[in-house]
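Listed here are the chains, written in short residue letters.
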Amino acid sequence: MYVEEFTAVGPLSAAEAQELADVAGRYTSRITISCGGRDVHALVLPVAWNELPMTTGSRVTVTVEGGRHGAEEDRKALRDFVCRMQHVDD
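Residues numbered from 1 in each chain as written. Predicted model: local features only at pLDDT ≥ 70, side-chain atom pairs only at ≥ 80, totals over all residues. Heavy atoms only, no water.

Enquirer: I keep staring at the overall build of the chain and nothing clicks. Help me out?
Expert: Looking only at helices and strands, the chain has three helices and four strands in total. For the chain, the succession of helices and strands along the chain, N to C, is β-α-β-β-α-β-α. The C-alpha radius of gyration computed for the chain amounts to 12 Å, which stays within 12% of the reference 12 Å derived for 90 residues, consistent with globular compactness. Dimensions of the chain, computed from the C-alpha atoms along their principal axes, are close to 35 × 25 × 20 Å. Every one of the 90 residues in the chain was classed for burial, and the buried ones make up 42%. Put simply, of all contacts in the chain between residues at least 6 apart along the chain, 72% involve residues at least 24 apart. With an accessible surface of roughly 4,900 Å², the chain has 50% of that area assigned to carbon and sulfur atoms. Mean positive and mean negative side-chain charge positions of the chain (9 and 14 charges, respectively) differ by 4 Å. (Helix = DSSP H or I, 4+ residues; strand = E, 2+ residues; numbered from the N terminus. Rg over C-alpha atoms; globule rule 2.2 N^0.38 Å. Buried < 20%, exposed > 50% of the residue type's maximum accessible area, 1.4 Å probe, protein only. Contact = heavy atoms within 4.5 Å. Areas by Shrake-Rupley, 256 points an atom, 1.4 Å probe, with all protein chains shown as cover. Lys, Arg positive; Asp, Glu negative; His and termini not counted. Charge placed at Lys NZ, Arg CZ, Asp CG, Glu CD.)

Enquirer: Could you clarify how one ought to interpret helix 3 (residues 70-86) in this entry?
Expert: Think of an α-helix as 3.6 residues a turn; residues three or four steps apart then line up on the same face. Under the 1.5 Å per step criterion, the end-to-end length of helix 3 is 24 Å for 17 residues, consistent within 8% with the ideal 24 Å. Residues of helix 3 that are buried include every one of Glu-73, Asp-74, Ala-77, Leu-78, Asp-80, Phe-81, Val-82 and Met-85, and no others. The secondary structure elements touched by the buried residues of helix 3 are strand 1 (2-7), helix 1 (14-24), strand 2 (30-35), helix 2 (45-48) and strand 4 (59-65). (Expected span 1.5 Å × (residues − 1).)

Enquirer: What should I look at first to understand the side chain of Thr-61 in this one?
Expert: Its location among the elements puts Thr-61 in strand 4. Among the polar contacts listed, one links the side chain of Thr-61 to the side chain of Glu-5, at a separation of 3.3 Å. Those residues in contact with Thr-61 that lie beyond four places of it in its chain are Val-3, Glu-4, Glu-5, Thr-32, Ile-33 and Ser-34. (Polar contact = N/O pair within 3.5 Å; in protein donor to acceptor, adjacent residues only side chain to side chain.)

Enquirer: Before we go on, may I ask you to explain the pairing of strand 2 in this structure?
Expert: For a regular strand, side chains alternate in direction, first toward one face of the sheet and then toward the other. Bridging between strand 2 and strand 4 involves six bridges; their strand directions are antiparallel. Of the residues in strand 4, the one forming a bridge with Ser-34 is Thr-61. Where strand 2 meets strand 3 (residues 38-41), four bridges bridge the pair, whose relative direction is antiparallel. Across the sheet, the residue bridging to Thr-32 is His-41, located in strand 3. Connecting strand 2 to the antiparallel partner strand 3 that follows it, the hairpin turn spans two residues, and Gly-36 within it adopts a positive phi of roughly 60°. (Pairing = 2+ DSSP bridges.)

Pasting the structure below:
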């Protein structure tokens, strides 16, 4: 399992949630986003993004595990997903 924690740049919108789910869909790794005591799997973000109480400054944790191609895939999935999530306003 690979984990990264960071400070949110702001709340997610429906469009941003879809973009993040698209990134997650490139991998077989399971990606989970946690914020404010709530957890959402990345692939269902488009329908559950508003369940995460994410605001500017919120602590966000992303965990990645179980990719078919092992640790290499999990690390790449984490890097790509978190990079996109931290630049949702770009």
